[in-house]
Amino acid sequence: MMSISNPPLQGRVAFIAGGSSGINLGIAQRFASEGVKVAIISRSQEKVAAAVGEITAAGNVAMGMAADVREYAAVEKALAAVRESYGEIDIVISGAAGNFMCPAIGMSANAFKTVVDIDLLGTFNVLRASFAYLRKPGASLISITAPQGAKPEMFQAHVCAAKAGVNMLTKCLAMEWGPAGVRVNAISPGPIAGTEGVARMAADPATAAAWEARLALRSYGSKQDIAELAVFLASDQARYMTGAIVDCDGGASLGDSSADALTVSGRR
Ligand code: HXC
Ligand code: NAP
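Report follows, based on the coordinates. (Residues numbered from 1 in each chain as written. Chains lettered and ligands numbered in written order. Predicted model: local features only at pLDDT ≥ 70, side-chain atom pairs only at ≥ 80, totals over all residues. Heavy atoms only, no water.)

**Looking at the site of ligand 1**
Taken together, 18 residues surround ligand 1, and among them Arg 43, Asn 99, Ser 108, Asn 110 and Arg 200 come closest. At a separation of 3.0 Å, an oxygen atom of ligand 1 approaches a polar side-chain atom of Arg 70. Protein contact buries 61% of the 1,100 Å² of open area that ligand 1 shows by itself. Those elements that provide at least two residues to the shell around ligand 1 are helix H4 (109-130) and helix H6 (196-201). Taken together, the residues that form the shell around ligand 1 break down as seven nonpolar, seven polar and four charged. (Near = heavy atom within 4 Å. Polar contact = N/O pair within 3.5 Å; in protein donor to acceptor, adjacent residues only side chain to side chain. Areas by Shrake-Rupley, 256 points an atom, 1.4 Å probe, with all protein chains shown as cover. Helix = DSSP H or I, 4+ residues; strand = E, 2+ residues; numbered from the N terminus. Nonpolar A, V, L, I, M, F, W, Y, C, P; charged D, E, K, R; others polar.)

So this is what it looks like as structure tokens:
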């Protein structure tokens, strides 16, 4: 006889760095709807409060505090507060990031460093600091990377370098922490509609349409697409997955798919 199981994440605790907006807030909201106690950090206290307010207004459980992922001590303080309130942490999302379009020749050393510090050092800080606060075995750590981590892109030298580092860090930590029962994976979203990332990279409609036309699936993704994958990776159903960089990108990582092969071949 088939049994009806509880939602796979019910009662767990998630720590979500960069969770006050965009893709990461989408993940936080989805987790919360599964009965996860969600804790959010980002730099802006106002954004954190608004995000926590949205989740609790929906009848779910959330807390949050301002913390900059570039500051290890601030991240650790937040983790300690979360454990104090919710107990040991089952799921960590490292999703804080910064991005702007800029040719390398016009980029200051500090501009490059700023993005590497937020994306890569920030991810190290969040994952490294979280280790002592995790429920072990069983914890699932998920970084949010990008296609730029595997494929070079014009005006994105800082992001490409930082996200490539995030990808390799994911694999190294998966090797080192697997024996403790801690899984370490990353999600690589393609362009996601209604996000700051897309607004910064394709500000005008013509650029946005051209970008969409190059994707194999011919459309941007949604925050829900990424949140569903995060639910799976966080759950025990993904118990044998670690060190994976999982593309959820409409084919962005494959390269330019704008030629219509099916029409050209007369097989559409
Ligand atoms: C060139 C720039 C710049 C720009 C800032 N800088 N913006 N250089 N072009 N547009 C330079 C500054 O001049 C400075 O260098 C250095 O970067 C640091 O700038 P600050 O403003 O002091 O940094 P900070 O306050 O820490 O803000 C970080 C930030 C900002 C990244 C610059 O934009 C931010 O807070 N972003 C967070 C939100 C975000 O970016 N979301 C999108 C994530 S999407 P100097 O030399 O003057 O001191 C993503 C991938 C998307 O990550 C992939 C889509 C497919
Ligand atoms: P977003 O809304 O700007 O999300 C970034 C979050 O990080 C914000 O909540 C921001 O809040 C926080 N943050 C930034 N710097 C921080 C710092 N130093 N310390 C702590 N928190 C910080 O952008 P998004 O487009 O949804 O991107 C979310 C993630 O998805 C990023 O990792 C990005 O690289 C990745 N991604 C996005 C896309 C896309 O299409 N949008 C595609 C591929 C990958 P504060 O301002 O309050 O700090």
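Next comes the rest of the description.
**Digging into the site of ligand 2**
Ligand 2 sits among 30 residues. The nearest are Ser 21, Ser 42, Arg 43, Ile 192 and Thr 195. One of the side-chain nitrogen or oxygen atoms of Arg 43 is found 2.7 Å away from an oxygen atom of ligand 2. Computed on the free molecule, ligand 2 has an accessible area of 870 Å², of which 91% lies beneath the protein chains in the complex. Of all elements in the fold, only helix H1 (22-33) and H6 reach the threshold of two or more residues within the shell around ligand 2. Class assignment of the residues belonging to the shell around ligand 2 gives a composition of twelve nonpolar, twelve polar and six charged.

**Some remarks on the side chain of Thr 145**
Along the polypeptide, Thr 145 turns up in the loop between strand S5 (140-144) and helix H5 (157-177). Within the local environment of Thr 145, its side chain forms a polar contact with the side chain of Asn 167, the two groups lying 2.7 Å apart. Thr 145 has contacts with Lys 163, Val 166, Asn 167, Ala 186, Ile 187, Ser 188, Pro 189 and Ile 245, leaving out every residue within four places of it along the chain. (Contact = heavy atoms within 4.5 Å.)

**Here we look at the packing of aromatic side chains**
Overall, the coordinates contain two aromatic pairs when judged by the stated rule. Summarising the aromatic geometry, the rings of Phe 131 and Trp 177 are spaced 4.7 Å apart at their centres and angled 40° between planes, so their arrangement reads as tilted. One end of the pair, Phe 131, is in the loop between H4 and S5; the other, Trp 177, is in helix H5, and 46 residues separate them in sequence. We classify Trp 177 as buried; its relative accessible area is 11%. Judged by centre distance (5.8 Å) and plane angle (75°), the rings of Trp 211 and Tyr 220 are edge-to-face. Here Lys 136 stacks its cationic end above the ring of Phe 131, 4.3 Å away from the centre of that ring. (Phe/Tyr/Trp six-rings, centres within 6.5 Å; stacked < 30°, edge-to-face > 60°. Buried < 20%, exposed > 50% of the residue type's maximum accessible area, 1.4 Å probe, protein only. Lys NZ or Arg CZ within 6 Å of the ring centre and 35° of its normal.)

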